Amino acid sequence: MISLNITMQKIEYTKLQKALHAISALMILWLLMSGFYAGLIKEEEPLKHVIGAFNVSLSLLLIPIFLVRTYVSFGRGYAAVKGDKNLAHWMAFIIHTMMYVLVMLVLVSGILMMDRPIVFFDVFSFPQPLSNSEAIAFYFRFHIAVCLLLALLVTLHIAAVIKHQLAGQSVIKRMAF
């Protein structure tokens, strides 16, 4: 049997990090699941419009939350794997980093794909950032692609949490308040 050198530090999370993780995770899961669901609904059905309007507002709300989350967490994962020779630890770090990047790409492409004013909970609105229909169509396709990639990585992340729980390594306990 091959012995792996496990030197990865156990990361301790602050209450702020735990709260930001929980809030953003719930928002991201809702946005992914409801967004894909809305994509299956016929264009003329009112439910599609309701989900779309709510998701635009929720996404706008997620932007500052996720920026704070990124700022608060920046560099902690790398510090834990620096000098580590365990491939699994590096893969976890890379996947987490990719999820952060993909969330940012989803949020930016979601704004750039808008073909109408961007309305925030019927309180205020912003003009659509692009008027070129080809650019809007490009960002729409890009948005779907990065949403699919993010959904894949989120599924992998959840599977890893379940695997660790079943192996007696309570990742959830470390993230609990």
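Everything numeric in this text was worked out from a predicted model, so none of it was measured.

(A) Spatial organisation of helix 4 (residues 87–112). Between its terminal C-alpha atoms helix 4 stretches 37 Å, which fits the 38 Å expected from 26 residues at 1.5 Å a residue. Every buried residue belonging to helix 4 is among His89, Ile95, Met99, Tyr100, Leu102, Val103, Val106, Leu107, Ser109, Gly110 and Leu112, and all of these are buried.

(B) Structural context of the environment of Gln128. Within the fold, Gln128 resides in the loop between strand 2 (124–126) and helix 5 (133–166). For the pair Gln128 and Lys82, spaced 46 residues apart in sequence, the C-alpha to C-alpha distance is 42 Å. One polar contact links the side chain of Gln128 to the main-chain amide nitrogen of Arg116, over a distance of 3.1 Å. Here the side chain of Gln128 touches Leu130 through a polar contact of 2.6 Å, landing on its backbone oxygen.

(C) Focus on the nonpolar core. In this structure, Ile28, Leu32, Leu62, Phe66, Val103 and Leu150 are the most contacted members of the largest nonpolar core, which totals 20 residues. Mapped by element, the contributors of at least two residues to this core are helix 1 (15–40), helix 2 (46–73), helix 4 and helix 5. Here this core takes seven residues from helix 4, the largest share from any one element. Those residues within four positions of Leu62 in sequence are excluded, and the remaining contacts are Ser24, Met27, Ile28, Leu31 and Leu107.

(D) Region of interest: the side chain of Ser57. Relative to the assigned elements, Ser57 resides in helix 2. Apart from residues no more than four positions distant in its own chain, Ser57 is found in contact with Val119, Phe120 and Phe121.

(E) Just a nonpolar patch on the surface, in detail. A cluster of nonpolar side chains, Trp30, Phe54, Leu61, Phe121, Val123, Phe124 and Phe126, forms an exposed patch at the surface whose accessible area comes to about 660 Å². Looking at the nonpolar patch, the elements with two or more residues in it are helix 2 and strand 2. With respect to the element layout, Trp30 can be found in helix 1. A residue is classified by how much of its surface remains accessible, and Trp30, at 41% relative accessible area, is partly exposed.

(F) Highlighting unusual backbone geometry. We note that Phe121 has phi near 45°; this positive angle belongs to a residue other than glycine. Within the secondary structure layout, Phe121 lies in the loop between strand 1 (118–120) and strand 2. The class for Phe121 is partly exposed, based on a relative accessible area of 36%. Of note, the phi angle at Asp122 is positive, near 55°, even though the residue is not glycine.

Thresholds, definitions, all that
Residues numbered from 1 in each chain as written. Predicted model: local features only at pLDDT ≥ 70, side-chain atom pairs only at ≥ 80, totals over all residues. Heavy atoms only, no water. Helix = DSSP H or I, 4+ residues; strand = E, 2+ residues; numbered from the N terminus. Expected span 1.5 Å × (residues − 1). Buried < 20%, exposed > 50% of the residue type's maximum accessible area, 1.4 Å probe, protein only. Polar contact = N/O pair within 3.5 Å; in protein donor to acceptor, adjacent residues only side chain to side chain. Core = buried A, V, L, I, M, F, W, Y, C linked by side-chain atoms within 4.5 Å. Contact = heavy atoms within 4.5 Å. Patch = residues over 30% accessible without salt bridge, like charges linked within 9 Å, V, L, I, M, F, W, Y side chains within 5 Å. Areas by Shrake-Rupley, 256 points an atom, 1.4 Å probe, with all protein chains shown as cover. Salt bridge = Lys/Arg side-chain N within 4 Å of Asp/Glu carboxyl O.

From the geometry alone we can't say anything about function, so treat these as descriptive.
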